[in-house]
Number of protein chains: 2
Amino acid sequence: MESLKDKVAIVGMGISKFGERWDASSEDMIIEAVYEAYEDAGVEPSDIQAAWVGTLRSGEAGVTIADPLKLKNIPITRVENWCVTGHEALRNAALGIASGLYDVVLAVGFEKLKDTGFPGLGTGRGTNPVYQAGATAPGYFANIATRYFHDHGWDNERGKKILAKISVKNHHNGTMSPKAHFQKEVTIDEVLKAPIISSPLGLLDCCPTTDGAAAAILCRADLASSFRSDPIFIKGIGLSVDPMLPTLRPGFDYVGFDANRNAARQAYEQAGVKNPREEIDVATVHDCFTITEMVIYEDLGFSPAGRGWEDVEAGTFTLEGDLPVNTDGGLKAFGHPVGATGLRTAHEIYKQLQGKAGLRQVNDAQIGLCHTLGGTPQVACVAILGNTKGQ
Amino acid sequence: MESLKDKVAIVGMGISKFGERWDASSEDMIIEAVYEAYEDAGVEPSDIQAAWVGTLRSGEAGVTIADPLKLKNIPITRVENWCVTGHEALRNAALGIASGLYDVVLAVGFEKLKDTGFPGLGTGRGTNPVYQAGATAPGYFANIATRYFHDHGWDNERGKKILAKISVKNHHNGTMSPKAHFQKEVTIDEVLKAPIISSPLGLLDCCPTTDGAAAAILCRADLASSFRSDPIFIKGIGLSVDPMLPTLRPGFDYVGFDANRNAARQAYEQAGVKNPREEIDVATVHDCFTITEMVIYEDLGFSPAGRGWEDVEAGTFTLEGDLPVNTDGGLKAFGHPVGATGLRTAHEIYKQLQGKAGLRQVNDAQIGLCHTLGGTPQVACVAILGNTKGQ
């Protein structure tokens, strides 16, 4: 068992405008994202030797995207893995390159949620849905928040004030992302006074329902310099499926997820990361709710267990902090068009590591991490990228 | 761009009973297939480092199969690609091994069609369905038969008699497959007198609607001998998506498919096959309808273009012929539980190349081919397997 480290480079990326895209079809959004990636990499559609497309519920897309993307007679595979779907497109594309069979491939993900009757992500389990009253995603993560507050001896007022800082941070970062769904500041007071969705979580603790697409062009690392002077290298990709819904496991503590921890462990091992807090310079993580981002800090080792809130209070994860998280505004600003999200999180890290993140650029970012979490939560993916070989 | 050739071995396979499995859930069938594969390979669930699961419409299965298969905290990815879905599980698992990241992985595919309201596969195009009156799979392939008959100057009686031989052959082979859905002989007369489904195709020209699952354990080729004395090696896997529905392309000849030809070309190049008729010893192909098997003979180069029927008349593709095709009975006997089919076709080749195909064993099979076709038809996969490295 070898590592992926430095075998695969990303040489182009693109994202569509994220938002309520009533005016655009799935194909329109895919074209926006992929042609931006083609142009960024300096490739033609005929250079692409294989493709992977991620979508959860926007159709059987493998055969659909060939025509709009001008992909002729190559393999195009649809991948799906709940909210980790976009990361699966990236991961399988990377495995395709590392296999030696393909030199240049495309990963693309998209989702159309606004005009397809999307009812929200439930807590079903694939072929055996376990639907329960209140078992929606907000209801599930509200339980996590309630438990987190309880463990720290906080009342809702105290707990919500801390979570609100995550919302304020991500909304602020989103104002510097021209393609984000939301590009407006919110205040602590606005977050605290927002309508309750599932107590203690209010509207501004939750990510919106959004359409979008994102894409990456990957190639063999040894070919990367022929495409651009600043390729980004894949250092490791971990993915873990928890065999049980955490809530079905006796002793589940409701303040963290094995899927996160195991995906991170795999990725850190591949990348040779021993101390993520020190070694990761910038990260994008799955802030479907503010409390989710909080427990992710702890699951990924950015903060000690139970102490993510101290780092929130200290501003560690702001743009000016030691470890900026969700520098583009995260799911809070970009929403969660499911198949797109993993590639959108990778897009931000790609831009940060190239020093091309505009107003939201962090200083001297060399190693970045992107993360998604899905299945309430039963599956997580962590990818680590770097801007130099051999880091 | 290297080849997959001899990088990846298959060291265990299993299939469930195929049929009307009203008594069994998807999990039941997956367990039948995968535990047979575990036993065949001599592995424990804890030996599996990553998995790929293929299903078209039986749910978001990546997180669902972990528990019944005892897969703990590893990556499990759902893949989908119309009727090629089962082959995608095999292909992506093979890429995972060839990448170097994993040493031992699982590919599994399944579909539950009988009790899920399955309406038949239409001719929709993913996110942009093009449904038309009569545009069902039988209606589509009936057009292919009509054109094939016309090109050869045959009336329906003459044409149907030739196609009937394919049905009789596959039903005969199915009698020797204990896990096939149908295990009964049919006569030419029965095929000709069967109710018309879409003229000229009758009931016995069509594959049935079936539940089933199939699985494979793959490992690095250099580790294969530690699992078994008769591993099977992957020589090449081609997959091609046609960017257009063939029927939308001006000049489409209705007697063959670019997806088949391009997938075969990719696989032959990887495997170093120059003359498939001579070099392939046994094959399983996508006989969703008798006419489909006929045009596949020609698309894959088993027969010259327009002359597959002469080889049917000569018995070339029977168990005793020069190039036995669908030795296990094909889709005609096993039905087409979509996610399972590609792996079921691979299972037959695996058994034939090991000399373990029982009553249906062909003589001295060393190189075999399995094929699936999907998307009316816009996508095809061809995998070539061999029982010796370096062939």
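Above this text you will find the structure in question.
Residues numbered from 1 in each chain as written. Chains lettered and ligands numbered in written order. Predicted model: local features only at pLDDT ≥ 70, side-chain atom pairs only at ≥ 80, totals over all residues. Heavy atoms only, no water.

*Asks:* Explain the overall build of chain A residue by residue, including any values.
*Replies:* Helix and strand counts for chain A come out as 11 helices and 11 strands. Scaling as 2.2 N^0.38, a compact globule of 391 residues should have a C-alpha radius of gyration of about 21 Å, and chain A matches this with 19 Å. When its C-alpha atoms are laid out on the principal axes, chain A stretches across 60 × 45 × 40 Å. Out of the 391 residues belonging to chain A, those deemed buried represent 68%. Looking at chain A alone, contacts between residues at least 24 apart form 78% of all its contacts between residues at least 6 apart. (Helix = DSSP H or I, 4+ residues; strand = E, 2+ residues; numbered from the N terminus. Rg over C-alpha atoms; globule rule 2.2 N^0.38 Å. Buried < 20%, exposed > 50% of the residue type's maximum accessible area, 1.4 Å probe, protein only. Contact = heavy atoms within 4.5 Å.)

*Asks:* I'd like to hear about the nonpolar core, residue by residue, with values.
*Replies:* By size, the foremost hydrophobic cluster in this structure holds 164 residues, and its most contacted members are L106, I217 and L218 of chain A together with L106, I217 and L218 of chain B. Beyond its immediate chain neighbours, meaning those up to four positions away, L106 of chain A contacts V34, Y38, I48, A50, A51, W52, L69, L71, A93, A215, A216 and I217 of chain A. (Core = buried A, V, L, I, M, F, W, Y, C linked by side-chain atoms within 4.5 Å.)

*Asks:* A description of the interface of chain B and chain A should follow, citing residues and the corresponding values.
*Replies:* In this complex, chain B contributes 60 residues to the contact, which on the side of chain A involves 60 residues. Where chain B abuts chain A, roughly 4900 Å² becomes buried across the two surfaces, and 50% of that area is made up of carbon and sulfur atoms. The interface formed by chain B and chain A holds 4 salt bridges in total. Two residues, R78 of chain B and E80 of chain A, come together in a salt bridge whose shortest N-O distance is 3.1 Å. Summed over the shared surface of chain B and chain A, the number is 24 residue pairs in polar contact (both at pLDDT 80 or more). Elements represented by at least two residues in the side of chain B that touches chain A include exactly α1 (26-41), β2 (50-54), β3 (76-80), α2 (85-98), β8 (232-241) and α6 (258-271) of chain B. It is α2 of chain B that contributes the most residues to the side of chain B that touches chain A, 6 residues altogether. Its residues assigned to classes, the side of chain B that touches chain A shows 23 nonpolar, 22 polar and 15 charged. Examined bridge by bridge, strand β3 (residues 76-80) of chain A and β3 of chain B share 3 bridges and lie antiparallel to one another. Each residue of the ladder has a partner; that of R78 of chain A, found in β3 of chain B, is E80 of chain B. (Buried area = accessible area lost by both parts, 1.4 Å probe. Salt bridge = Lys/Arg side-chain N within 4 Å of Asp/Glu carboxyl O. Polar contact = N/O pair within 3.5 Å; in protein donor to acceptor, adjacent residues only side chain to side chain. Nonpolar A, V, L, I, M, F, W, Y, C, P; charged D, E, K, R; others polar. Pairing = 2+ DSSP bridges.)

*Asks:* Go over the relation of the copies chain B and chain A, please, and point to the residues and values.
*Replies:* Each copy superposes on the other: chain B lies on chain A with an RMSD of 0.0 Å after a rotation of 180° and an axial shift of 0.0 Å. In the structure described here, the two chain copies are related by an operation that fits a two-fold rotation axis. Proximity to the rotation axis, assessed at the C-alpha, singles out S99 of chain B in chain B; its C-alpha lies 1.9 Å from the axis. Mapped onto chain A, 100% of the interface residues of chain B again fall at the interface, so both copies present the same surface. (Least-squares fit on C-alpha atoms with pLDDT ≥ 70 in both.)

*Asks:* Provide a residue-level description of the packing of helix α4 (residues 156-174) of chain B against helix α8 (residues 290-299) of chain B, including the pertinent values.
*Replies:* Residues and elements named next belong to chain B. Contact geometry for α4 and α8: axes closest at 9 Å, N-to-C directions at 100°. Relative to α8, α4 is oriented roughly perpendicular. Contacts between α4 and α8 involve I162, L163, I166, S167, K169 and N170 on the former and, on the latter, T290, I291, E293, M294 and Y297. Class assignment of the residues belonging to the contact of α4 with α8 gives a composition of 6 nonpolar, 3 polar and 2 charged. (Axes fitted to C-alpha atoms, helices over the stretch in contact; angles between N-to-C directions. Parallel < 35°, antiparallel > 145°, perpendicular 65-115°, else oblique.)

*Asks:* Before we move on, can you summarise the packing of helix α3 (residues 137-151) of chain B against α8 of chain B with the specific residues and values?
*Replies:* All names here are of chain B. Put simply, α3 and α8 touch, their axes get as near as 9 Å, and they point 60° apart. Classified by the angle their axes make, α3 and α8 are oblique. Viewed along their axes, α3 and α8 form a crossing whose handedness is left-handed. Residues F141, I144, A145 and Y148 of α3 form the contact with α8, whose own contacting residues are I291, T292, M294, V295 and E298. Taken together, the residues of the contact of α3 with α8 break down into 7 nonpolar, 1 polar and 1 charged. (Left-handed = near helix turned anticlockwise from the far one by under 90°.)

*Asks:* Just give me the short version of the packing of aromatic side chains, but keep the residues and values in it.
*Replies:* All names here are of chain A. One pass over the structure, following the stated rule, counts 24 aromatic pairs over all chains. Arranged with centres 5.2 Å apart and planes meeting at 85°, the rings of F18 and F334 form a pair that is edge-to-face. In this pair, F18 is assigned in the loop between β1 (8-15) and α1 (26-41) and F334 in helix α10 (residues 330-334), connecting sequence segments 316 residues apart. Each member of the pair, F18 as well as F334, carries the same accessibility label: buried. (Phe/Tyr/Trp six-rings, centres within 6.5 Å; stacked < 30°, edge-to-face > 60°.)

*Asks:* Break down the pairing of strand β1 (residues 8-15) of chain B for me, citing the residues and quoting the values.
*Replies:* All names here are of chain B. Counting buried residues in β1 gives 8 out of 8 residues, a clear majority hidden from the surface. Two elements, β1 and strand β7 (residues 212-220), share 7 bridges in a ladder whose sense is antiparallel. The partner of A9 across the bridge, within β7, is C219. As paired strands, β1 and β8 are joined by 2 bridges and run antiparallel to one another. If you follow I10 over to β8, its bridge partner there is I232.

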